[in-house]
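# Examination of the molecular architecture
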Amino acid sequence: MTALGFEVRRARTGDVRAIKELVEPLVQQRILLGKELVVLFESLQEFAVAVDDAGEVIGCGALHVMWEDLGEVRTLAVRSDWLGRGVGHALITYLEYEARALGLHRLFCLTFEVDFFGRHGFEPIDDQLVVDPDVYVELLHSSDEGVAEFLDLSRVKPNTLGNTRMLKTL
Ligand SMILES: CC(=O)SCCNC(=O)CCNC(=O)[C@H](O)C(C)(C)COP(=O)(O)OP(=O)(O)OC[C@H]1O[C@@H](n2cnc3c(N)ncnc32)[C@H](O)[C@@H]1OP(=O)(O)O
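The shown structure was predicted, so the numbers you read here are calculated from the model rather than taken from an experiment.

As annotated in UniProt, the feature "domain: N-acetyltransferase" (unreviewed entry) corresponds to residues 6-154 in the numbering used here. For the annotated span residues 6-154, helix accounts for 36% and strand for 25% of the residues, and the straight-line distance between the end C-alpha atoms is 40 Å.

To continue, consider the nonpolar core. Core analysis: the largest hydrophobic core is formed by 22 residues, its most contacted members being Phe6, Ala50, Val73, Val87, Leu91, Phe117 and Phe122. Those elements giving two or more residues to this core turn out to be β1 (6-10), β2 (47-52), β3 (57-65), β4 (70-78), α3 (87-102), β5 (106-111) and α4 (114-119). The element best represented in this core is α3, accounting for five residues. The residues touching Phe122, leaving out its near neighbours within four places in the chain, are Val73, Ile92, Glu96, Leu107, Phe108, Cys109, Phe117, Met166, Leu167 and Lys168. Ranked by size, the runner-up nonpolar core spans 16 residues in total, among them Leu32, Leu40, Phe47 and Ala62.

A few words now on the site of the ligand. Taken together, 23 residues sit near the ligand, with Leu76, Gly84, Gly86, Gly88 and Arg119 positioned nearest. Gly84 places a main-chain nitrogen or oxygen 2.8 Å from an oxygen atom of the ligand. Between an oxygen atom of the ligand and a main-chain N or O atom of Gly88, the distance comes to 2.8 Å. Contact with the protein chains removes 71% of the 980 Å² of surface that the ligand exposes when unbound. Sorting the residues of the shell around the ligand by element identifies β4, α3, β5 and α4 as the ones contributing at least two each. At six residues, the largest contribution of residues to the shell around the ligand is made by β4.

Attention now goes to the environment of Glu149. Looking at the secondary structure, you find Glu149 in helix α6 (residues 145-150). Spatially, the C-alpha atoms of Glu149 and Arg165 are 9.6 Å apart, while their sequence positions differ by 16 residues. Leaving out residues up to four positions away in the same chain, Glu149 has contacts with Leu33, Leu110, Val156, Asn159, Thr160 and Arg165.

Per the counting criterion, the structure on display carries eleven salt bridges. One salt bridge in this structure joins Glu98 and Arg10, with 4.0 Å as the shortest N-O distance. Here the residue Glu98 occupies a position in helix α3, and Arg10 occupies one in strand β1, the gap between them amounting to 88 residues. The class for Arg10 is partly exposed, based on a relative accessible area of 47%. Residues participating in the shared-partner salt-bridge network are Glu56, Arg79 and Asp81.

Calculation criteria
- Position labels on residues start from 1 in each chain and follow its written sequence.
- Only residues with pLDDT of 70 or above have their local features reported here, since the model is predicted, and side-chain atom pairs are shown and tallied only from 80 upward, although totals for entire chains, interfaces and linings are computed over all residues.
- Only hydrogens and water are set aside when side-chain values are computed; all heavy atoms of the structure are taken into account.
- UniProt positions are given in the numbering used here, feature names are shortened, and annotations may be inferred rather than shown by experiment.
- Secondary structure elements follow DSSP: runs of H or I of four or more residues count as helices, runs of E of two or more count as strands, with numbering from the N terminus.
- For our purposes a nonpolar core is just a set of buried Ala, Val, Leu, Ile, Met, Phe, Trp, Tyr and Cys residues, chained together by side-chain atoms within 4.5 Å.
- A 1.4 Å probe rolled over the protein chains alone gives each residue an accessible area, and that area as a share of the maximum for its type sets the label: buried under 20%, exposed over 50%, partly exposed in between.
- Throughout, a contact is declared for two residues whenever any of their heavy atoms are within 4.5 Å.
- Proximity is defined per residue: any heavy atom of the residue falling within 4 Å of a molecule or strand makes that residue near it.
- In protein, a polar contact means a hydrogen-donor-capable atom and an acceptor-capable atom, both N or O and within 3.5 Å, with residues adjacent in sequence counting only if both atoms are side-chain atoms; elsewhere, any N or O pair within 3.5 Å suffices.
- All accessibility values rest on the Shrake-Rupley procedure with a 1.4 Å probe; residue burial counts only the protein chains present in the view.
- One side-chain nitrogen of Lys or Arg within 4 Å of one carboxyl oxygen of Asp or Glu is enough to make a salt bridge.

Here you go:
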């Protein structure tokens, strides 16, 4: 038994289907960007999961490296029966630790959960460009949809409507 009834650990291949199941309703509500199973397997090393004492996945979150100093928190979700019990806090704490270990100094997120991220030190950045113009041009070469959202490209605008762009300095 763990003290809080759950623990956060690096994700394993055996967690991927549970992650997909956990995020699917949020994808349907357009809260999270949808990812096919193959994409989840391919980005497995980015993921952390929260598991209850029975080993069931009750939360997930991912850290995507975008540039030398810049990363993004992605796909943070907690199962509805576990909300408000510190699982989200534990996941974001884990991802921030990983970010620092990787040498990142800034974390971006695009979210409706402004209060939650605000309490964890993220601040809204509106339309502010947070990378130098030369880095912006480099990032345009990325085929990643999340990076396109970060760059606020017009083709992804339907995905980002109503979300708040936030940044935290680590
Ligand atoms: C970048 C992106 O991924 S954006 C997408 C973000 N995710 C979503 O929008 C999906 C839907 N939302 C969720 O899944 C969740 O609401 C999350 C992930 C945002 C937060 O997860 P939760 O596990 O509920 O967060 P957590 O329990 O840590 O904090 C929520 C509240 O519980 C309280 N809480 C209760 N117990 C604890 C505890 N032991 N430790 C910390 N906080 C606790 C917190 O104080 C907080 O209260 P507050 O909101 O009044 O400040």
